[in-house]
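The chain contents come next:
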Amino acid sequence: MASPAESSELIFYINGKKVVEKNADPEEMLLGYLRRKVGLTGTKYGCGEGGCGACTVMVSRYDPVQDSVQHCAVTACLLPICSLYGAAVVTVEGVGSTKTKLHPVQERIAKAHGSQCGFCTPGMVMSMYTLLRNKPQPTMEEIRETLEGNLCRCTGYRPIADGFKSFCDKQQCCQNKEDAGRCCMENGYIHDQEEDVSEELFGTEDFLPHDPTQDIIFPPELLLLGKKQDGGQLCFQGDRVKWISPALLKDLTQLKAEYPDAPLLVGNMTLGGFQSLFCFKQRFEPDLHRRTDRLICVTGPKVNLNGAVYPVLLHAGRIPELRAISRSSNGLRVGAGCSLSALKDALQRGVEQLNPEKSRIYQALVETLRCLAAKQIRNVATIGGNIMSADPKYDLSSVLAAAECKLHIVSTAGVREVCLNEEFFTGLGETALRPDEILLAIDIPHSKPWEFVSAFRQAQRREFAFSILNAGMKVVFRDESPVVESLDLFYGGVGPTLVRARTTCRELTGRVWDEKLLAEGTQLLREEISLSPTAPGGRVEYRRTLVLSFFFKFYMQVLLELKQKGIAISVPPLEYLSALEQYGTELPHGHHTFQMVSEVQPFTDPVGRPRMHQAAFQQATGEAQYYDDIPAVQGELFVSMVTSTRAHAKIKSIDASAALAMPGVVTFIAAEHVPGQNRRLWFGNIEELFAEEEVICVGQIIGAIVAESRELAKRASRLVTVMYEDILPVFFTIEEAIEHQSFFEPKRKLERGNVEEGFEKSDHILEGNGHSTLYYLNLIQLAVICVERSTGDIVTKKFFQVWDPGVLVSAGDPEDEAVSLTVILSTVPGELYMGGQEHFYMETQGVIAVPRGEAGEMELFVATQHAAYTQEVVGLTLGVESNKITCHVKRLGGGFGGKVMKIASLSAITATAAYRTGRAVRCVLERGDDMLITSGRHPFLGKYKVGYMNDGTILAADIIYYSNGGCTLDESSFIMEKALLHMDNGYKIPHLRGRGFVCRTFLPSYTAFRGFGGPQGLTVIESVLHEVAAKCGLPAHQVREVNMYQDESSLTHHRQLFSPIDMLRCWSECLEKSDYEERLLAVQRFNSSNRWRKRGMSIVPLKFGVGFSKAFYNQGAALVNIYKDGSVLVSHGGTEMGQGINTKAIQIASRILKVPMSSIHVKETCTGNVPNAAPSAASFGTDAVGMAVKNACEKLVGRLEPIRKKNPEHTWQQLVVEAYCQKISLSATGFFMGPHTSVDWERSEGTAYYYFTFGACCSEVEIDCLTGDHKTIRTDIVMDMGRSLNPALDIGQIEGGFIQGLGLYTIEELQFSPDGALRTRGPSDYKIPALSDVPHILNTHLLTNAQNPHSIYSSKGIGEPSVFFGCTVFFAIKEAIAAARQESGLSESVSLSSPATAEKIRLACQDTFTTAASSSEGGRCRPWAINV
């Protein structure tokens, strides 16, 4: 059948309303369509690649194969609207609203405090809503599986799970296996021993009942349309692409013959004739900066195929044969268009119905599918697309190949059958199919009695992540014997295609399944499965090790089954069996306790009570507005940045002519177009808006394209040609910066006592494991002499001039100076490297600039934590006064420090575009560009030398901190100062010296991130304590305890007075509540009885400074207006970004004014209302804003008091009206002048902080020594919050910070190419913690009877401190590794850098497999990624 010439009408429904699109664009994705054409902005853009779940919606269709309506949660960013013919879409707006009625899902996530910044909340709601549409009373496992594809950066997931657990059938609980007979669904109770302590953060008694009959019905018209089956074709013609969707298989084969090069799509995947794509994006980098994406990906809201536009797309989603699943006596035939979710369900039914011997293949596939992608992805991704993608990272092919599955291929020539094996895949993204052929179905056989099949995978994150390595293995034995009849070992991830270990399999066939086979198989695999040191993806040694580890696991699994059958030659040791267990993933749960308010406090006074986030309902319904939700201004334009592809080069020329020639492109702007200052000074360092003469990092902004649409602006920006001339030197790492002596000023130092004297008095000196020895020569020259340990021979010598002992300043020639005798000998210090971290706020950075056309006025609707700074930078850039620039901030979808500095430059560029065009301009960074341009947390290298006594008491420590600051200063010097100010944590070290150096490199400049250097400074000293404990052979907690500050009046190392009493209380309570001593013994028992699984525990204290060390930032301002109807409007200088600053401000105003919270509103942060506000940062926002609001309200109460005394019977509104009539001002400003803080760096003293927040945290982990995988079993946190203003919000901040810290210390790994280009630019590459990463048990306790006289109502700031607690998981992992190494007869001391990824854990657990996998290849090679 020839393709139709005319476009069809696209008919579908959105939230129960019919949509008829007469000119549907095949390139349009559902996300963009909903947000911009329909105006439903509750569905959010988070990543554009299906990796975060923020854009989750429900799509319902009538399925003629099953004769039923199917409801699926899908990611709208990956769904072309043309695929929606006959479908019904439900968005969060269609579920419920505050204007009509909330749905119970929306109500419960809000009331359970599961919404902080709120940006992820609509996606969470839609995932859960879809589950309830399919199963009104789900199990815990179904909830877990449903939420796995939804990322949250704020809450730590626990409150979300708590809210949604309430939908479970209570008869099924407790599914989390709670102790003491108490169900995990019971939210709270009062402790018997402490009557004023509560666990109840929310009540369930008032929850709306769930009534499925009230949900939107599937439109009857679509039901009739689905049953009609007229066999007609659909055709949609866009500007560049035609979409053809046949309903019959014969028509599809004819179309494929007519258009052999056309991608064939099903569920945004392809089934034949072309390189097909899984729903995630797979990166390939012929150019290290300009990535190209194979198969279907998304650029903004548009379909993008392999970076090219294809004139014809064939859609096969309407072909029944492709979705059919049929059973036979031999197995399962699955249509290639069958979704992975449907496949998993069918296989699971098979496992339940068949005996275990026949279902082994099914079991292996189910286990693989459980971890493969997320529910939203599996609902649209297909088995055929997974196979035809021909990417070895996609896990199914290795298992299907091992199972000897058959593929049915169809074309106009007929049907043929091929075996799925390594020969089917001819190259990366290529198969043996002809261009005109289509994958029709896959036969999955039953397993035979003496056939054993297993699947293995290891990824950066246990679930919802591409595998680093996957394997499918099958062995067949001669009947009732341990002799191998046949063996198949398939690996994905060790080459461009699926790899079969042919030689190994051949050599082991006919052999007995015993230890000799294992040994020879290991050796054969080592020789056969080769991986070049320069292999794409890196992790070469790790992947080699996994090849062997997986084989060992398979050997053990089969050996155990043979034992059960009674024919095993050898018996697996009991201590080996835990290696065969899979880590389960359960919904997190735990206890959270807080001190209740006094009984005498009026019930109407909300301060100190757990209150819901004031915008939680709006966030749960999608009504909460973020900057990109603001409707377009008439004539609005869009800007897209042109960024550097070189790290250090002169700009020879910029040619934007090709871009400007595109219809709809308005202009190109660069440095010469800036009306004011393109360069500005920042603490003596020049910051450029646009690069003028040279670029100093990959990702630096050179110019910007302004166009009529965001897609056009993005496409045009790629056409701007920049010619470069490379400049040397160029370097990226801390070590290289030290070598080049490339540091920002100022260098900082803090010192207490006399470090050298402390070393002399110490019993031991902690020495590093390096090969170099440092000799100080007359304290003028420094010789670095590298010694070969085995021979003692001097290998190399280097001489440097020294500025200060231990610090290299400039190289010198030893021949030019008289070298005297060595006077001081110092060994290489211990060290700890901490990698950086991406903010990954769910809402990317952006701004809308609206010129007002009069006197240079401009309004900006901007996502910033520091509106005043953005106002200042925009004013300088435009050459106008700040009073002409007004910044509005309603709320942020997460900030974490990343929206303080960089957004100011983006705003200035956008404002320049608006100034130049005279039209409103919108800037919305795509996720990849956001990660590239804005950077994140600083990588740190800490080097230390420590003197300690036999009992673990530390007498002296000399620590040097190096941070990678990137190419410009940003806030790096302040961050280094905070690291130094926190280097003592809670330990009194008599002789302590710290020096800090910010390295200048050719990377995008690093910036503020939650904790602001505190976590890095704290972690290094904790590493010192950890190593000292190991050297002394003492428990780490004992060494920590003996070194803690004890005196009620103590001085920090910078001589700030404080009391550690509450810190010590937190420590003691954490030990008690975590059952530390008893569980530590249990860990030791576990380790002694398990060879390949090890556990570790760690507990740390915390002393964290709150406030700004720069005194001028310690201020707050507010404006409070009372209206005649009695309502109150509060404006303040803080930014609401999920921390609940608005909620707490309302609580404070409610207490002072004695009006209900419902009568008080916070509209937005605006520089026109509250000028010169400090940034919302340093955990100081509520302190400053709260005091200012309190001050303003007290002024108003003072004015109203005379009227109240005269009219005691008046209601609040009557008082207000009377005051108005008496001409009393009902508006007041409030101001808080915070403490004077400062540090004299020359004298190493000063009151750096307002006060300290204290805490303690204990975590227990388990590691898989064979793969490096780990699971956090339990975490207990005790935090001193003073008197919490809102326990629900504060516990949410504590847990959210901890989970963010867990990511920092374990899985969040940024990778840079050797050329300085960021490789990890989206959720498919960069993994933040998901639901599966949260500790199974997470207990959080607020310290009782704690006070803080310095802050608002004795509360304390909590936004940043708990990030550091993630290090407890890191150090617990180190303990587990030490146990593994001890069992292998190795030194327990091991260098482990942060994050402790699966790769690092596995390689640290050295054994025969790591030894066999280690490379013997000599010479240097170009690494895939570098540690910057």
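Procedures and definitions
- Residues numbered from 1 in each chain as written.
- Predicted model: local features only at pLDDT ≥ 70, side-chain atom pairs only at ≥ 80, totals over all residues.
- Heavy atoms only, no water.
- Helix = DSSP H or I, 4+ residues; strand = E, 2+ residues; numbered from the N terminus.
- Rg over C-alpha atoms; globule rule 2.2 N^0.38 Å.
- Buried < 20%, exposed > 50% of the residue type's maximum accessible area, 1.4 Å probe, protein only.
- Axes fitted to C-alpha atoms, helices over the stretch in contact; angles between N-to-C directions.
- Parallel < 35°, antiparallel > 145°, perpendicular 65-115°, else oblique.
- Left-handed = near helix turned anticlockwise from the far one by under 90°.
- Contact = heavy atoms within 4.5 Å.
- Nonpolar A, V, L, I, M, F, W, Y, C, P; charged D, E, K, R; others polar.
- Pairing = 2+ DSSP bridges.
- Core = buried A, V, L, I, M, F, W, Y, C linked by side-chain atoms within 4.5 Å.
- Disulfide = S-S within 2.5 Å.
- Expected span 1.5 Å × (residues − 1).
- Phe/Tyr/Trp six-rings, centres within 6.5 Å; stacked < 30°, edge-to-face > 60°.
- Lys NZ or Arg CZ within 6 Å of the ring centre and 35° of its normal.
- pLDDT = per-residue confidence, 0-100.
- Salt bridge = Lys/Arg side-chain N within 4 Å of Asp/Glu carboxyl O.

**Student:** Any details on the overall build of the protein? Residues and values, ideally.
**Tutor:** Helix and strand counts for the protein stand at 37 helices and 61 strands. Over its C-alpha atoms the protein spans a radius of gyration of 32 Å, differing by no more than 12% from the 35 Å that the globule rule assigns to 1428 residues. In terms of its C-alpha atoms, the protein occupies a principal-axis envelope of roughly 90 × 85 × 75 Å. Buried residues in the protein amount to 66% of all 1428 residues.

**Student:** Pulling in residues and values, what's your account of unusual backbone geometry?
**Tutor:** Across the junction of L728 and P729, the peptide omega takes the value 0°, indicating a cis bond. One can find P729 in the loop between β35 (721–726) and α21 (734–739). The omega torsion of the bond from E745 to P746 falls at 0°, within 30 degrees of zero and hence cis. Position of P746 among the secondary structure elements: in strand β36 (residues 743–752).

**Student:** Let's hear about the packing of helix α5 (residues 140–147) against helix α6 (residues 158–165): which residues, and what values?
**Tutor:** For the pair α5 and α6, the least separation of the axes is 11 Å and the interaxial angle reads 135°. Compared by their axis directions, α5 and α6 come out oblique. Every pair of crossing elements has a handedness; the one defined by α5 and α6 is right-handed. Here M140, I143 and L147 of α5 come into contact with α6, specifically with I160, F164 and K165. In the contact of α5 with α6, the residues fall into five nonpolar, no polar and one charged.

**Student:** Report on the sheet that holds strand β44 (residues 846–851), specifying residues and quantitative values.
**Tutor:** Strand order across the open sheet formed by eight strands is β30-β34-β28-β47-β44-β45-β46-β57, with mixed pairing between neighbours. Lying at the two open borders of the sheet, with one neighbouring strand each, are β30 (665–669) and β57 (1165–1166).

**Student:** Tell me about the packing of helix α31 (residues 1141–1153) against helix α32 (residues 1181–1206), and name the residues and values.
**Tutor:** Two numbers describe how α31 lies on α32: the axes approach to 9 Å, and their chain directions differ by 30°. With respect to α32, the axis of α31 lies roughly parallel. Our pair here, α31 against α32, has a crossing hand that is right-handed. Where α31 approaches α32, its residues I1141, K1144, A1145, I1148, A1149, I1152 and L1153 are matched on the opposing element by G1181, T1182, V1185, G1186, V1189, K1190, C1193, E1194, L1196 and V1197.

**Student:** Quick rundown of the nonpolar core? Include the residues and the values.
**Tutor:** Judged by nonpolar contacts, the single largest core of 343 residues is most densely connected at I383, I387, I444, L489, Y491, W513 and M641. What W513 contacts, discounting residues up to four positions off in sequence, is V475, F477, P482, V484, L487, F554, Y555, V558, L559 and L562.

**Student:** Describe the sheet that holds strand β26 (residues 499–500), with residues and values.
**Tutor:** The four strands are arranged β23-β24-β25-β26 in an open sheet whose pairing can be described as antiparallel. With partners counted over all chains shown, the strands left at the sheet margins are β23 (451–459) and β26, one partner each. Summarising the sheet, strand β24 (residues 467–477) and strand β25 (residues 484–492) pair through eight bridges and their orientation is antiparallel. Across the sheet, the residue bridging to N470 is G492, located in β25. Relative to the sheet, helix α17 (residues 540–565) contacts β23, β24 and β25, its axis offset from that of β24 by approximately 35°.

**Student:** Describe the state of the cysteines, listing the residues and the values that go with them.
**Tutor:** Enumeration over the complete set of coordinates arrives at zero disulfides. Cysteine C505 is unpaired, with the sulfur of C419 as its nearest cysteine sulfur at 14 Å.

**Student:** So what's going on with helix α16 (residues 515–528)? Residues and values would help.
**Tutor:** Taking 1.5 Å per residue as the helical rise, α16 with its 14 residues ought to reach 20 Å, and the 20 Å between its terminal C-alpha atoms agrees with that figure. Among the residues making up α16, those that are buried are L517, L518, G521, T522, L524 and L525. Check the buried side of α16 and you find it contacts β25, α15 (502–508), α17 and α37 (1408–1413).

**Student:** Quick one: what's the story with the packing of aromatic side chains, residue by residue and with numbers?
**Tutor:** Following the criterion strictly, the structure yields 37 aromatic pairs and no others. Ring geometry for F119 and Y626: centres 5.1 Å apart, planes at 85°, overall edge-to-face. Of this pair, F119 sits in the loop between α3 (104–111) and α4 (121–134) while Y626 sits in the loop between α18 (616–621) and β28 (637–643); the two residues are 507 residues apart in sequence, bridging distant segments of the chain. Residues F552 and F1409 carry aromatic rings whose centres are separated by 5.1 Å and whose planes lie at 45° to one another, so their mutual orientation is tilted. Here F552 is found in helix α17, whereas its partner F1409 is found in helix α37, with 857 residues between them in sequence. The exposure class assigned to F1409 is buried, which follows from its relative accessible area of 5%. Members of the aromatic cluster, each reached through a chain of ring pairs, are F1108, F1112, Y1113, F1180, F1232, Y1250 and Y1251. Above the plane of the ring of F759 lies K945, whose end atom (NZ or CZ) is 4.6 Å from the centre. The ring of F1058 has K1103 lying over it, and the distance from NZ or CZ to the ring centre is 5.5 Å.

**Student:** Please set out the confidence of the model for the protein residue by residue, giving values where relevant.
**Tutor:** The predicted coordinates of low-pLDDT regions are not to be read in fine detail. Residues at a pLDDT of 70 or more form 90% of the protein, whose mean pLDDT is 90. Throughout residues 187–193 the model reports pLDDT below 50, and contacts reaching past four residues in sequence, or to other chains, amount to 19 contacts. Ignoring residues within four places in sequence, the model shows residues 769–828, a span with pLDDT below 50, making 115 contacts including any to other chains.

**Student:** So what about the pattern of salt bridges? Which residues, and what values?
**Tutor:** Scanning the model with the defined rule gives 87 salt bridges in all. Of the charged contacts in the structure, one is a salt bridge between K344 and E145, with a shortest N-O distance of 3.2 Å. Of the two residues, K344 sits in helix α10 (residues 340–353) while E145 sits in helix α5, which places them 199 residues apart along the sequence. Across this residue pair, the class does not change: K344 and E145 are buried. A salt bridge links E1262 to R1095; its shortest N-O distance comes to 2.7 Å. With E1262 in strand β59 (residues 1251–1264) and R1095 in strand β53 (residues 1093–1106), this pair connects stretches of sequence that are 167 residues apart. For E1262, a relative accessible area of 6% gives the class buried. Taken together, the shared-partner salt bridges connect K553, R1079, R1093, R1095, E1260, E1262, D1264, R1274 and D1276 into one network.

**Student:** Lay out the pairing of β25 with the relevant residues and their values.
**Tutor:** Within β25, seven of the nine residues are buried, which leaves the element mostly enclosed by the surrounding structure. With antiparallel pairing between neighbouring strands as the criterion, β24 and β25 make up a hairpin whose turn holds six residues, including E480 at a positive phi of roughly 55°. Two strands pair when backbone bridges link them, and β25 and β26 are joined in this way by two bridges, in the antiparallel orientation. When the sheet's bridge partners are listed, Y491 is paired in β26 with V499. Where β25 folds back on β26, the antiparallel hairpin that results is connected by six residues, among which G493 adopts a positive phi of roughly 110°.

**Student:** Residues and numbers for the environment of P122, please.
**Tutor:** Mapping P122 onto the fold places it in helix α4. In the structure, P122 is positioned 16 residues away from Q106 in sequence and 8.5 Å away in space, judged by C-alpha atoms. Those residues within four positions of P122 in sequence are excluded, and the remaining contacts are G42, K44, V92, Q619 and G622.

**Student:** Go over the environment of G965, please, and point to the residues and values.
**Tutor:** Position of G965 relative to the elements: it lies in strand β49 (residues 954–966). Sequence separation of G965 and V998 is 33 residues, and the distance between their C-alpha atoms is 5.6 Å. Non-local contacts of G965, meaning those with residues more than four positions away in its chain, are made with H938, S972, V998, C999, S1005 and Y1006.

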